[in-house]
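Residue-level listing of the chains:
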Amino acid sequence: MNLLEKDKRYCWHPFTQHQTERNPVVVTRAKGTCLYTEEGDEILDMISSWWTCTHGHAHPEINKALVNQADTMEHVMFAGFAHPNAANLSEKLASVLPGDLNRVFFSDNGSTAVEVAVKIAYQYWVNKGQENRKKFIAFDGAYHGDTIGAMSVGQGCGFFNIYEDLMFSIEALPYPHTWDNDAEVDLKEKAALSALKNLIEKSGDEIAALIVEPLMQGAGGIRFSRLEFMKQIVSIAQQADILVIFDEVAVGFGRTGDLFACQKIGCTPDLICLSKGLTAGYMPMSVTVATDRIFEAFNSDSFKTAFLHGHSFTANPLACAVALRSLELFEQENTLDHIAHIEKQHKGFLAKLSNHPMVTMPRVMGSIMAFNLPEGGGYKSDLSEKLRDWFLSNGLNIRPIGSTVYLMPPYCITDEQLSRAYDGIIAGLSAVNDMPSNLAVKCA
Ligand SMILES: *Cc1c(COP(=O)(O)O)cnc(C)c1O
């Protein structure tokens, strides 16, 4: 069997209908912004392999850290044991996160980081003797992962309807998605703020926590919100004693232009979830970081108030080594300056593109650029699949989410590579416009 035959016979891919999906692209090597196929074709990874890759693929410094750690110790259990990388990484995270977000709980991916945050928030109130606080508030359109607790708080994204009976119910808030020159943004924000205030008035003392993807809903369609709005949401919730969970699994580690969205906003959530960029796209690991106050509520003479949760690979030393080296690189390579440069390039491109008949809702934040095609489609709309395939066959990994086309490149991307992606977007829009499709007819 050749490789593709083996894959077809034995692998089950994520978010894939195997019966109708075209063959996957076989990638055998990656470097910097580029993926290389079996045949040696170069593909620019313009979405950082699902938003994980930060400094670039196969970064020499991170490779070195990983190899060194593998030679020293690959893993040790984390209950009753400690190791240098976990302690050093936790200290480093505490120093770069705002306020007293000082207590780091390790798990394996974004979904488990959210599960952990939800469970900590829930038990915090039990430990405090306030057992009435059992509900969660989440935003419409939010995505927090694919495990059952994460699906529950993310049910507003609509991906999970089939599992409805398995999920716990939540209180939903409207999300004020906004873009450049959005005339309605004030109204949308007002509606969301008053929905939160009403909810607090009605049943504020039953709410354990509010969870939000700050500044950008990711899988829900790269939907931005404004700093001041986020700041108000956090302040209103915290004033009502509701814990605030920031799911920065997607936006953490520089995507918005600051290392963390909470820094850009200027607030301190009670819990923050980090994954994707945490290990520079190398290893599956995540952290849920809690404030000192949250952690203290789990201390007592009884095992009952302890947080009884853990995973086989909690605080894996290989992943910690890579995460630590990645954080050092942000400082050594002035990565945030480079992200500011990417933002400037994005803005220049979008200014030109915004007159394009197929471009609506243009928006840029940090390394992220997005716009929408004029008419929605589902997650797997016809047009977005055509675009995805056209981009791929033209050397670009750009994978629209429904009608949202976006770029979220690794930070090492060069100006030449950015131009190639921008030219590709314009060419791709024209190419699919010539293809027979309802939307194409409408736009032509
Ligand atoms: C991707 C994502 C998750 C889930 O992370 P996984 O590692 O895929 O489990 C959770 N929250 C947000 C905001 C994400 O973007």
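Check the entry above for the structure.
Residues numbered from 1 in each chain as written. Predicted model: local features only at pLDDT ≥ 70, side-chain atom pairs only at ≥ 80, totals over all residues. Heavy atoms only, no water.

Things to note about the nonpolar core
Part 1 of the reasoning: Grouped together as the largest cluster of nonpolar side chains are 79 residues, with contacts concentrated most on Leu 89, Leu 93, Phe 106, Phe 139, Leu 210, Ile 222 and Phe 246.
Part 2 of the reasoning: Sort the elements by how many residues they give to this core and helix H11 (residues 317-332) lands first, with 9 residues.
Part 3 of the reasoning: Look past the residues within four positions of Leu 89 in its chain and what remains in contact with it is Phe 106, Met 285, Cys 320, Ala 323, Leu 324 and Leu 327.
Part 4 of the reasoning: Counting 29 residues, the second-largest nonpolar core is a separate cluster that includes Leu 353, Val 364, Leu 387 and Phe 391. (Core = buried A, V, L, I, M, F, W, Y, C linked by side-chain atoms within 4.5 Å. Buried < 20%, exposed > 50% of the residue type's maximum accessible area, 1.4 Å probe, protein only. Helix = DSSP H or I, 4+ residues; strand = E, 2+ residues; numbered from the N terminus. Contact = heavy atoms within 4.5 Å.)

A short note on the packing of aromatic side chains
Part 1 of the reasoning: For the coordinates displayed, the defined rule picks out 16 aromatic pairs.
Part 2 of the reasoning: Summarising the aromatic geometry, the rings of Phe 15 and Trp 50 are spaced 5.7 Å apart at their centres and angled 85° between planes, so their arrangement reads as edge-to-face. Pair noted here: Phe 15 is in the loop between helix H1 (3-10) and strand E1 (27-31) and Trp 50 is in helix H2 (residues 48-51), with a separation of 35 residues, a long-range link.
Part 3 of the reasoning: Looking at Trp 50, the relative accessible area reads 36%, which means it is partly exposed.
Part 4 of the reasoning: Ring centres 6.1 Å apart and planes at 35° place the aromatic pair Tyr 143 and Phe 160 in the tilted group. Taken together, the residues Tyr 143 in the loop between strand E5 (135-139) and helix H6 (148-153) and Phe 160 in the loop between H6 and strand E6 (171-173) connect sequence positions 17 residues apart. Of the two residues, Tyr 143 and Phe 160, both sit in the buried class.
Part 5 of the reasoning: One aromatic cluster is present, formed by Phe 105, Phe 298 and Phe 307 through successive ring pairs. (Phe/Tyr/Trp six-rings, centres within 6.5 Å; stacked < 30°, edge-to-face > 60°.)

A closer look at a nonpolar patch on the surface
Part 1 of the reasoning: A cluster of nonpolar residues, Ile 148, Ile 162, Tyr 163 and Leu 166, forms a patch on the protein surface that exposes about 440 Å² of accessible area.
Part 2 of the reasoning: Among the secondary structure elements, Ile 148 is positioned in helix H6. (Patch = residues over 30% accessible without salt bridge, like charges linked within 9 Å, V, L, I, M, F, W, Y side chains within 5 Å. Areas by Shrake-Rupley, 256 points an atom, 1.4 Å probe, with all protein chains shown as cover. Salt bridge = Lys/Arg side-chain N within 4 Å of Asp/Glu carboxyl O.)

Side note on the packing of helix H3 (residues 60-72) against H11
Part 1 of the reasoning: Remark: H3 packs on H11, axes separated minimally by 9 Å, with the N-to-C direction vectors making an angle of 150°. In terms of orientation, H3 lies roughly antiparallel with respect to H11. In the packing of H3 onto H11, the handedness of the crossing is right-handed. Residues Glu 61, Ile 62, Ala 65, Leu 66, Gln 69 and Ala 70 of H3 pack against Pro 317, Leu 318, Ala 321, Val 322, Arg 325, Ser 326 and Leu 329 of H11.
Part 2 of the reasoning: Residues of the contact of H3 with H11, tallied by class, amount to 9 nonpolar, 2 polar and 2 charged. (Axes fitted to C-alpha atoms, helices over the stretch in contact; angles between N-to-C directions. Parallel < 35°, antiparallel > 145°, perpendicular 65-115°, else oblique. Left-handed = near helix turned anticlockwise from the far one by under 90°. Nonpolar A, V, L, I, M, F, W, Y, C, P; charged D, E, K, R; others polar.)

Some details on the packing of helix H4 (residues 84-96) against H11
For any two helices packed against each other, one specifies the inter-axial angle together with the distance between the axes.
Part 1 of the reasoning: Where H4 meets H11, the closest approach of the two axes is 9 Å, and the angle between their N-to-C directions is 35°. Considering only the axes of H4 and H11, their crossing is left-handed. Every residue of H11 that contacts H4 at Asn 85, Ala 86, Asn 88, Leu 89, Lys 92 and Leu 93 is listed here: Pro 317, Cys 320, Ala 321, Ala 323, Leu 324, Leu 327 and Glu 331.
Part 2 of the reasoning: Among the residues making up the contact of H4 with H11, the classes are represented as 9 nonpolar, 2 polar and 2 charged.

Some remarks on helix H12 (residues 335-353)
Part 1 of the reasoning: With 19 residues, H12 ought to run about 27 Å at 1.5 Å a step, and its terminal C-alpha atoms sit 27 Å apart, in line with that.
Part 2 of the reasoning: Those residues of H12 lying buried are Thr 335, Ile 339, Ile 342, His 346, Phe 349, Leu 350 and Leu 353. Along the long axis of H12, the arc covered by the buried residues comes to 95°, so they all point the same way. Of the exposed residues in H12, the ones pointing more than 90 degrees away from its buried face are Asp 337, Lys 344, Ala 351 and Lys 352.
Part 3 of the reasoning: Structurally, H12 contributes buried residues whose contacts are with H11, strand E13 (360-365), strand E14 (368-372), strand E15 (404-407) and helix H14 (415-433). (Expected span 1.5 Å × (residues − 1). Arc of directions from axis to C-beta.)

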